[in-house]
Amino acid sequence: MAMVKCPECGNWISDQAESCPHCGYSANKNKHKKIINELKDKIIKFKDNKKILIGCGCCVAVVILICCMPTISKEWEKAQHETQVKNDKEAPKVTYTGDGITIIQGDSISESEVKSDLKATDNVTSADKLIYNIPISDIDTDAEEDTTLKCTVKDEAGNIGTVDVPITITSRYTKYEKLKYLALSIAIMELENRLKDPSSLNIRGMGWDTSGCAYLYYSASNSFGGTVSGYCQYDTTDQSFYAPGATSEGWEVRYLQRKYESSEKVSMAELQEFQRYN
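For clarity, every value in this text was computed on a predicted model and none was experimentally measured.

Caption draft 1: Geometry of the packing of aromatic side chains. Evaluation of the coordinates by the stated rule reveals seven aromatic pairs. Plain terms: the ring middles of Tyr173 and Tyr181 are 5.7 Å apart, the flat faces sit at 75 degrees to each other, and that makes the pair edge-to-face. An identical accessibility class is assigned to Tyr173 and Tyr181; each is buried. Taking 5.9 Å as the distance between ring centres and 45 degrees as the angle between the ring planes, the aromatic pair formed by Tyr217 and Tyr260 counts as tilted. A residue pair is termed long-range when its members are at least 10 positions apart, and Tyr217 in strand β10 (residues 213–221) and Tyr260 in helix α4 (residues 250–261) qualify at 43 residues.

Caption draft 2: Spatial organisation of the nonpolar core. One finds Leu184, Ile188, Leu191, Leu201, Ile203, Met206 and Leu216 to be the most contacted residues of the largest nonpolar core, which totals 23 residues. Those elements that provide at least two residues to this core are α3 (175–194), β9 (202–209), β10, β11 (227–235) and α5 (268–277). The leading source of residues in this core is α3, at six residues.

Caption draft 3: Here's a closer look at the sheet that holds strand β4 (residues 101–104). As summarised here, the arrangement of the four strands in space is β4-β8-β7-β6, forming an open sheet in which the pairing is mixed. Edge positions in the sheet fall to β4 and β6 (131–133), since each of these pairs with one other strand and no more. Going across the sheet, the axis of each strand differs from the next one's by a mean of 25 degrees, ignoring polarity. Two strands pair when backbone bridges link them, and strand β7 (residues 145–154) and strand β8 (residues 160–170) are joined in this way by ten bridges, in the antiparallel orientation. Looking at the pairing, Val153 lines up with Gly161 of β8.

Caption draft 4: Region of interest: the pairing of β7. As paired elements, β6 and β7 share three bridges and run antiparallel to each other. Looking at β7, one finds that Tyr132 is bridged to Val153. The antiparallel hairpin formed by β7 and β8 contains five residues in its connecting segment, where Gly158 sits at a positive phi of about 90 degrees.

Caption draft 5: Seen up close, the sheet that holds β10. A sheet is described by the order of its strands in space; here five strands give the open sequence β12-β11-β10-β9-β13, paired in antiparallel fashion. In this open sheet, the two strands that pair with only one neighbour each are β12 (240–242) and β13 (264–265). As defined by bridge partners, β10 adjoins β11 across nine bridges and the pair is classed as antiparallel. Its bridge partner being in β11, Ala214 is matched across the sheet by Tyr234. Packing against the sheet, α3 makes contact with β9, β10, β11, β12 and β13, and its axis sits at approximately 140 degrees to β9. The strands touched by α4 within the sheet are β9, β10, β11, β12 and β13, with β11 carrying the most contacts at an inclination of about 70 degrees.

Calculation notes
Residues numbered from 1 in each chain as written. Predicted model: local features only at pLDDT ≥ 70, side-chain atom pairs only at ≥ 80, totals over all residues. Heavy atoms only, no water. Phe/Tyr/Trp six-rings, centres within 6.5 Å; stacked < 30°, edge-to-face > 60°. Buried < 20%, exposed > 50% of the residue type's maximum accessible area, 1.4 Å probe, protein only. Helix = DSSP H or I, 4+ residues; strand = E, 2+ residues; numbered from the N terminus. Core = buried A, V, L, I, M, F, W, Y, C linked by side-chain atoms within 4.5 Å. Pairing = 2+ DSSP bridges. Axes fitted to C-alpha atoms, helices over the stretch in contact; angles between N-to-C directions. Contact = heavy atoms within 4.5 Å.

Purely geometric stuff here, so don't read any function into it on its own.
Next up, the structure:
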């Protein structure tokens, strides 16, 4: 047993006493008051803690929202764009702003040069996502001609816009060079037509002079299976072909021999390259 002061009169009383013998103050009342005060303190602390928790929760929510906003925004934009692409029925608008492409026979067409003058826009697809198709392999660059290169641009929806690019392919040869090589080609064909065995023809040399005559120095099999050699001429002025035969005078052969020897020599490789482009 311990002695405690009465909260009402201040006299010492037993802590086991139910009331103060001096003033009659009830000990249970003091206990109840104490319990009530303790409960009030807990309620106050709970409310304070709840405010703190709510405040922290709000801060966390704001931080999460701020962090997620870019992602949410991107996803929303992506979904909106996908819907626009799905409903897109309009082809890209394509224009060619250049003056056309000019190349020499046998040269290649530059895809980057063509694309640099192509301008394309689309109502949905951004410029960096447009797909260009420039089929330069469709053009036969060995042919001397004016033609067009059909280029296409496709958007994300699969719509295709087209534009024609003018292509000019100029000859590798001057008119004079064309005449020379054509004359030599005709001389060979005329000679083959006159031989018993055209497959035996061996062109040993070719020549051309400014008068417009082509000369061949050749060998081939004769009717008896032997090999003979000779000279022939094709004259572009009157389109005549002449090849001395076995019964021809010797001076005729020597004349053609001198004309061939003094002419501008042309190699078979040069002639074959010309025939590739013509």
